[in-house]
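Architecture at a glance
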Amino acid sequence: VMASASSTAAAESLANACQLVEERLEAGRRYLDLSDLLHITSNSQTNLSGSSDNDYPVASDPSLDLTSLPFVAPVKRVPLPQELVDQFNHMLCSCSMGLFTDIGRAYLTVDSTIFVWNYLDGSDLAYFDGLSEVILCVSLVKPKPGLFQSHIKYLLVLTTPQQIVLLGVSLNEANGLACGEMHLQPQPLFAVSSDNVQHLAVAGSPSGRIFLAGKDGCLYEIVYQAQDSWFSRKCRLVNHSTSTLSYLLPSFLSFSSEDALVQLTVDSTRNILYSRSEKGSIRVFDLGANGQECMCVATMPAERLVELASMCSRDLDKNIFRHIVRISPVLASESCTLHLMAVSQSGVRFYFTTTENGRPGRPTLISLVHVRLPPGYAQSLVTTRPSSVHAVCHREGAFLFCSPMREDVDMLWLMDGDSYPFRHSLTEMQHGIEISGRTWALECVPDETSGQLIGAGLRSEPPLILCQHVKPAPTFVLLTAQGTSIVTKLRPVDQLEQLLIDSAGTDTPALRSFFRLYQGDEACAMCLMLVCSGKPQVRALAEQAYLRYGGEPQYHVPATPMPGVATAAAPSPLQASTPLGYRVPGVVPTTAGAGGSPWLPSTIAPSSVTTPRQPDLGQSPVVGSAMPVRGGAAAGAAGSQANVLGRPVSGPEVLKSNRLHGLVICFSRLIAPLWDGLLVQQPAATPGQPTPTQLCSAVGADEINWMAQHVQRLADFLDGNTALAATLKQTDTRMSTHGTPSDHNVHQKMLRFMRPGATPAGANSPVVQQQLQQKHQAEAVAAERNALRDLCILFRRTGEVLSLWRILCENDISSIIGGLSASHQDILKQMKFCHLIVQGQPLCSALIAQVTKRFLSNRSASEAISARLRQVCPHLYSADDAVITQASEALAVAKTKTVAAERQALLEESLQLYGKVTHHLPLASVCSQYSEAHFFSGLVDLCLACANKRDPQSLALHHFRQHQPMDDVAGVTAYTIRRECYDCVVKCLDDLYSRTQNASITSISSSPLKVVDAAIQAASQHYEDTLSRTLASNDELVHITVYDWLIKTGQSTRLLLVNSPFLDTYLTQAAEKEPADAALGLLWKYYERTQNFAAAAQVLGQLAERRPGDQTLQQRVEYLSRAVMCAKSCNLLTATSPAGQTLHNLEEKLEVARIQLQVQSALHLARASLPEGRQAAADRALDELNSELMDISKLYGEYADPFDLCECKLAIVHCAGHHDPALVESLWRDIINQELQQSHLASADARAQSLSSKVVSLGQLYAQSQCYFPVAFLVRHLEELTAHLRLPIGWVATALQQVGLSPALLLNVYDRLFKAKDPCWQSAGRPLHVLNAVHSLLASPDLFANLLQAERSALRLNCSQAVASYLVELQSTLSQESELAHTVANFKRLQAKFQS
């Protein structure tokens, strides 16, 4: 009896919960079509929208307060491959760019060459250069089925002025088409003459037909087949704009208008081809129901389009309707009645239909039915209007286009109605994004979502809010000359996720505005989506928002109208904005307006729930954005009452919270594709094969698996959430006195107070009112608790049935169904999924019996399937102790097995059994036995499984990320539990690593060398396999534990070889702790290995500048040098880019650091020659120089100048760019004097050689700038020293030539020095010293070396003139000294040499 009562209660709970789900599903099917949103009634009338304030709400409107609502994800920008950037420099005639989003590729044509690459990352660059003419147009189309080999997935169509080429495209589908490697066939599959017609656009149909837009205004088609035939060639060009004779006549004999076709597009859902001409005319071609025909059925001239559009509003400038830049088919999944959209250069959208009143059928006309103005045309709004639109994209309600914002910057306009899915008119939010460069192409990334997860039989694609749980966020790709920009439009659930992250768990105005926008229940459903499938860090925030804004249940008593007074209740803002298809309590259902959907049928009972009490969200609900209003049977019972006037009375209502409605919404949308559908079907018949009689599943295993996982997560949330569990489990003590009356009894009590004259005495007293309010509130809480209990039962039962059905699909469901009895098969053929949940227990038992029966002959398989069924069915219970015993027995037997396969099978069996009882498992003991059995992979898997199951909510990770606060008791406990599991893994690794290090030491004395080597090799292999398996886990904490152990055991090099996303975070956090030198050293090596050169350069810079630090100055210089190398390895390295600026800063720091190193070296050398009193100061200075990097001013003022380091001071002045001629000459004089002092005991030749070496070494550093290498000063000073010190003549000029100064320059300097007639030469006793130095310069055999012929001639002439002047000067001298005669003779020989 008790079991029967329990079963009856469970069935009643399932029925109640299913009623809520069915009402929600029915309401969800009442969304409006695009034509309904645009209020289109017939094709004979054109209406206009976009001029109202409500058409384009502004996010900054105070009534909305949506300024913080994100609309798009951060734009991902991928630069063009460098190889393509270089190709622009080789362009001769023209280039073009475009996108192939079906395969994730972009293309660039440069003259006759086409390049194709992966726009996601710039990889997989392919090209074709087999053409000799300029490429006019490029398109990627699907080939005809079965015509080519299976690896040919697409055809690349290239048109040139003379021919059309079809190339085969192969794709490696290992990782999907967008990610696979692409190959272009080297030889064209087909090539056909263009008959001197330039084809400007190409379009392909789903059946493989290829159409071309001719510049002559004609539509062409490439007809291709496998072989030539008697009456047709293998590949030929057909003109569809002429008569059927075009099949026999060449294209150049046809005649057409001169309005060139510039765009073709195919509606693949209706087999309609549309063309757009250069002047803006639109033509419609019917391809037939089978897609194999082609006939022009209608034309819309450009002027006619402008005329029709202008009739919608006489106040608008006609020019905004001109210049159609894009046409796009409106697919049948988007609208049943609208077929085509065109966009003008001003951003105006034109919607057309091609059938009478949009009825299904083949196209016969083209009629403009709606004009949609872009933003900026509302009278009360002053916003920017788009202009010069040149790139357009349209996808499932999202409309994007690009218009120039300023030079080389485009504005991407994005408009969609996702924020207002249930308004009666199309309402679109707008968002603008700046795009660098002119947009060449704008396309959407195809959505590959399985249709079985959305649902079949829908008249059009539902609003995104109804299917966002399965559909990915729409992604769009823009192509510019700088690269690709990938824009992802956020779904409402993505917007909520971002708002939650931004709020960090606090109550923010942005969150309140979001919950107002979606009326609470929808927002709660989105919170549940994030809780069930969001990122771990978002789940807690979503749960918090769900509880905070979900509201509380209420008991609502409507106001009672006075007898005899007729009241006309004005609709509330919520009712006014309730979408069609949802019944509002107390409102008599009517039919929808023109173009609208009908109301719910009368067989659907209205709900007992209206709008629940909301938390204070700051403002009233936004009109037009409300979500449906729910009801239930209780309201129907109360609503059946009548007042004294005979009119219906709205009875008391339980207003359930948005938390409950969110649960119903989330579950109903997850299960919607399967709920009302049949479970099984007969597979489609194969042509030529007999009709199959076996039944198969109506939904695929993957879809079932996806639903099962999400329903399970929703059920887990409902069970595990503390606040909701309290609502489910707690017993209201106040209810114990009064009991829990049924809803009907409650309504009867409330109605007694509503009847005129029936109010009991004392009912209006405050005490009675308060008690009544408390009682009613307790009843509302109890009703909600019961509803949550019913939903919990439904969720669990649904998850069990889905999991069972998944097992059936995985194990040949057709055979399993075939084993059922005939009666069960008949029931199954007619059974829907919802019926299987409520009343399908006998059928489920029969199916389980059949699936286990299939594996009775195979013990291991039978145990495996039984184990899975135990997981599916909670009633099948097995004690943990029994499972542990069974696993221990398997492990013990495995140790005795000598056959590797049997041993491994038993070990795996034990692991599987242990994995089921992780909470009560003696993990350390089991790991020890696994280690003895060398089952290291199982040891790792078991430890990680234990960690995850003992801490399923990842509290330990949260505790670790919060820096392990001690007051977090739950976090400390979870962290301790996980560390116990990880310690077993670390102990195993430590043992294996010790064996690899100590095997040779412990075994070499007792074992042969080969045995020792084998032991080391085996230990090393086990160690690497265990470490790799551990690090293959996505458990962040086990990664951190192993990383710590690797560093502790000195295996930093092995750590850097780890390929894990957690390593970056680990090293980054370790670098933030002190001491951080070791962690920083690992971090830059890791960045360098992963080619994150910018980050590596930054870390190396930090290492070089750390103070205090253990590194020497030489190490700091090495860090900076390596940082510069890393910065130079960055991509997009330009002077204005961040990487370029970083490189510039690093190079400057490196230059200063090298000077600091030079100062340190010079001071170290000079220390020995310093007085004893200054040596201590020098030592302190050396320590300071070695401890940190210093700026240039400090190096000069505190080190170079006090210690008189002349060369260092010159280097500092040069580095600082300080131009002070007197200072530079003084520094050179000091350098020369120091060099002379160091060689004062040497011979004249040695001193000259020493000075020469110094001049040459410094000159090679500074000779490029006269500011720091004053040639004239050096020549005079050095020659004067030569004269005074009697050094060899000519060494100065020789040294300066070695520096790289030209003979012409030196001759000019010496000539001016001679003509200066400085008396210093007389005082030195060498009046002819300058002329002797000049003679030495001009007599050098290398005077004309490395000079061009013109330079030699000029130098010879200058030398000849100079020698002549010098001879005149010498011959005018009255002295009779022999030196004079010798000098004259030398110059006469030079004169003869230069004149010969």
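Attention in this report is confined to the structure presented alongside it.

Calculation notes
- Residues numbered from 1 in each chain as written.
- Predicted model: local features only at pLDDT ≥ 70, side-chain atom pairs only at ≥ 80, totals over all residues.
- Heavy atoms only, no water.
- Buried < 20%, exposed > 50% of the residue type's maximum accessible area, 1.4 Å probe, protein only.
- Helix = DSSP H or I, 4+ residues; strand = E, 2+ residues; numbered from the N terminus.
- Pairing = 2+ DSSP bridges.
- Lys, Arg positive; Asp, Glu negative; His and termini not counted.
- Salt bridge = Lys/Arg side-chain N within 4 Å of Asp/Glu carboxyl O.
- Contact = heavy atoms within 4.5 Å.
- Axes fitted to C-alpha atoms, helices over the stretch in contact; angles between N-to-C directions.
- Core = buried A, V, L, I, M, F, W, Y, C linked by side-chain atoms within 4.5 Å.

1. Some points on the pairing of strand E29 (residues 475-480)
Most of E29 sits inside the fold, with six of its six residues counted as buried. In E29, alternate side chains face the same way, and those of Thr475, Val477 and Leu479 on one face and Phe476, Leu478 and Thr480 on the other are all buried. Direction of pairing for strand E28 (residues 439-444) relative to E29: antiparallel, over a ladder of five bridges. Note on E29: the bridge partner recorded for Ala441 is Leu479. Of the strand pairs in this sheet, E29 and strand E30 (residues 483-488) are connected by six bridges, and their pairing is antiparallel. Among the inter-strand pairings, Thr475 is bridged to a residue of E30, identified as Thr488.

2. Quick notes on the side chain of Glu784
For Glu784, the position within the fold is in helix H17 (residues 766-810). Buried charge without a partner: Glu784 forms no salt bridge, and the closest opposite charge is Arg659, 6.1 Å away. Beyond its immediate stretch of four places on either side in the chain, Glu784 contacts Pro553, Lys656, Ser657 and Leu660.

3. Some remarks on the sheet that holds strand E27 (residues 429-436)
Spatial ordering of the open sheet is given by E24-E25-E26-E27, a layout of four strands whose pairing is antiparallel. Only two strands of the sheet have a single partner each, and these edge strands are strand E24 (391-395) and E27. For this sheet, the mean inter-axis angle between neighbouring strands, taken without regard to orientation, is 20°. Relative to strand E25 (residues 398-406), E24 runs antiparallel, the two sharing five bridges. What sits directly across from Ala391, in E25, is Cys402.

4. Some thoughts on the nonpolar core
The biggest cluster of nonpolar side chains holds 114 residues, and the ones touching the most others in it are Trp675, Leu794 and Trp805. Counting residues per element, this core draws most heavily on H17, at 13 residues. Excluding its chain neighbours within four sequence positions, the residues that come into contact with Trp675 are Cys18, Val21, Glu22, Leu25, Phe667, Leu794, Lys832, Phe833, Cys834 and Ile837. Core analysis: the next-biggest nonpolar cluster, separate from the first, contains 84 residues, Phe960, Tyr1087, Leu1103 and Cys1126 among them.

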